[in-house]
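What follows is the residue order along each chain.
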Amino acid sequence: MCTAATYKTKGFYFGRTLDYEFSYGEEITITPRNYPIPFRHMGALASHYAIIGMAHVADNYPLYYDAMNEKGLGMAGLNFVGNAAYAEPVDGMQNVAQFEFIPWILSRCATIPEVREALARMNLVGTPFSPQMPAASLHWIIADKNEAIVVESMADGLHVHDDPAGVLTNNPPFDLQMFHLNNYLGLSPRQPENHFSPELPLATYSRGMGALGLPGDLSSQSRFARVAFTRANSISGDSEEESVSQFFHILGSVDQQRGCCEVAEGKYEITIYTSCCSAETGTYYYTTYENHQITAVDMKKEALDSDALIRYPMILKGEIRRQN
Ligand SMILES: C[C@H](CCC(=O)NCCS(=O)(=O)O)[C@H]1CC[C@H]2[C@@H]3[C@H](O)C[C@@H]4C[C@H](O)CC[C@]4(C)[C@H]3C[C@H](O)[C@]12C
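Since the model is a prediction, treat every value here as computed from it, not as a measurement.

(A) Layout of the overall build of the protein. The secondary structure content of the protein amounts to five helices and 20 strands. Scaling as 2.2 N^0.38, a compact globule of 324 residues should have a C-alpha radius of gyration of about 20 Å, and the protein matches this with 20 Å. Every one of the 324 residues in the protein was classed for burial, and the buried ones make up 50%. The contacts in the protein between residues at least 6 apart in sequence include a share of 66% that link residues at least 24 apart. Accessible surface for the protein amounts to roughly 15,800 Å². Of this, 52% is attributable to carbon and sulfur atoms.

(B) Main features of the sheet that holds strand 8 (residues 74-79). Taken in spatial order, the eight strands of this open sheet run 13-12-11-8-7-6-3-20, and their pairing is antiparallel. Both edges of this open sheet fall to strand 13 (157-162) and strand 20 (310-313), since each of them pairs with a single strand only. Within the sheet, the average angular offset between the axes of one strand and its neighbour, ignoring direction, is 30°. One ladder, built from four bridges, connects strand 11 (residues 138-143) with strand 12 (residues 148-154); its direction is antiparallel.

(C) How the structure looks around the confidence of the model for the protein. When pLDDT is averaged across the protein, the result is 97; 100% of the residues are at 70 or more. Predicted complex metrics record ipTM = 0.95 and pTM = 0.97.

(D) Just the packing of aromatic side chains, in detail. Enumeration over the complete set of coordinates arrives at nine aromatic pairs. When the ring of Phe99 is compared with that of Phe129, the centres are 5.2 Å apart and the planes differ by 85°; the resulting orientation is edge-to-face. Taken as a pair, Phe99 in the loop between strand 9 (94-97) and helix 1 (101-108) and Phe129 in the loop between strand 10 (122-125) and strand 11 lie far apart in primary sequence, 30 residues in all. Overall, the relative accessible area of 11% leaves Phe129 in the buried class. Ring centres 6.0 Å apart and planes at 70° place the aromatic pair Phe174 and Phe224 in the edge-to-face group. Taken as a pair, Phe174 in helix 3 (residues 174-180) and Phe224 in helix 4 (residues 220-232) lie far apart in primary sequence, 50 residues in all. Taken individually, Phe174 and Phe224 each receive the classification buried, so the pair is uniform in this respect. An aromatic cluster is defined as three or more aromatic residues linked by ring pairs; in this entry it consists of Tyr20, Phe22 and Tyr24.

(E) Expanded view of the side chain of Thr31. Tracing the backbone through its elements, the reader meets Thr31 in strand 3 (residues 27-31). Owing to a relative accessible area of 1%, Thr31 belongs among the buried residues under this scheme. A polar contact is formed between the side chain of Thr31 and the side chain of Tyr64, at a distance of 2.7 Å. Discounting residues that sit within four places of it in the chain, Thr31 has contacts with Ile37, His48, Tyr49, Ala50, Ile51, Pro62, Tyr64 and Leu309.

Conventions adopted
Residues numbered from 1 in each chain as written. Predicted model: local features only at pLDDT ≥ 70, side-chain atom pairs only at ≥ 80, totals over all residues. Heavy atoms only, no water. Helix = DSSP H or I, 4+ residues; strand = E, 2+ residues; numbered from the N terminus. Rg over C-alpha atoms; globule rule 2.2 N^0.38 Å. Buried < 20%, exposed > 50% of the residue type's maximum accessible area, 1.4 Å probe, protein only. Contact = heavy atoms within 4.5 Å. Areas by Shrake-Rupley, 256 points an atom, 1.4 Å probe, with all protein chains shown as cover. Pairing = 2+ DSSP bridges. Axes fitted to C-alpha atoms, helices over the stretch in contact; angles between N-to-C directions. pLDDT = per-residue confidence, 0-100. Phe/Tyr/Trp six-rings, centres within 6.5 Å; stacked < 30°, edge-to-face > 60°. Polar contact = N/O pair within 3.5 Å; in protein donor to acceptor, adjacent residues only side chain to side chain.

Spelled out as structure tokens, the structure:
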């Protein structure tokens, strides 16, 4: 399972949890402006916006999971198993393989209106990266500081949904996830009043009862509701530190602990990493399952006009700061 979210203070923040039972060996990867990005059905793009994100690099190609470009546009791919369906290449369209979707969008678009235009001439195809790496079944959240959208390629075509909740998890399809939120419209961060029956002596006995009924399990539908509630009611200061700290708390509401989600005998899905990209500073912040210290890679400190990928392995292990 995975969860992605946006967050706005004075700045704009975008990130995700990557929940799975194993890792592909991902690294924080910067694609500088002059790295020629090859496209299977279109040739290479010689120069473009710089991109920072989490990627598995194979044959010197950045297979991004989530990323942001230097204009502050963010994009993440999340599992959409059983629902994702990709098209065959079509003449006269921009045929984009699903593993190219993040670089294709982030290399050329600065805003969501530009993304909508690009999507109108795109055909998302199932061309695999390699025989060992078949097309992943994904759907995507794309966001700038003003709005978020979700892109789902299904058997009946490409769907582009507005995402006013600013979150995405996995199944079911996005329109059903949004509809399901109606079940929770009575929840509130404030204490509830007795609407049950004036004839019964009902009263609150604890703080936090306004959100009683928010689902606590790890299913994607429950995580969608939980993270949407947490994000919508989040309050923090405007500084980068306060915003980033709050962002990790928002995604912390759907953190997956080892042991709670068994996917096969003795195999457990966990939150392998959590990320937060800052649009203003071009920084990729992350934590890992064993490293709760927020670690940062700042793309503006790199030679962004270069032509070679810049890679930072994740710092996987944290340290306990001892006070005595
Ligand atoms: C497994 C990851 C998604 C995690 C997730 O959503 N888990 C939820 C599980 S469930 O639905 O709730 O069961 C996805 C996100 C990005 C994916 C990777 C990226 O798409 C980049 C390449 C794409 C290639 O086609 C396949 C390998 C790959 C390297 C992908 C492997 C894998 O499918 C990743 C890592």
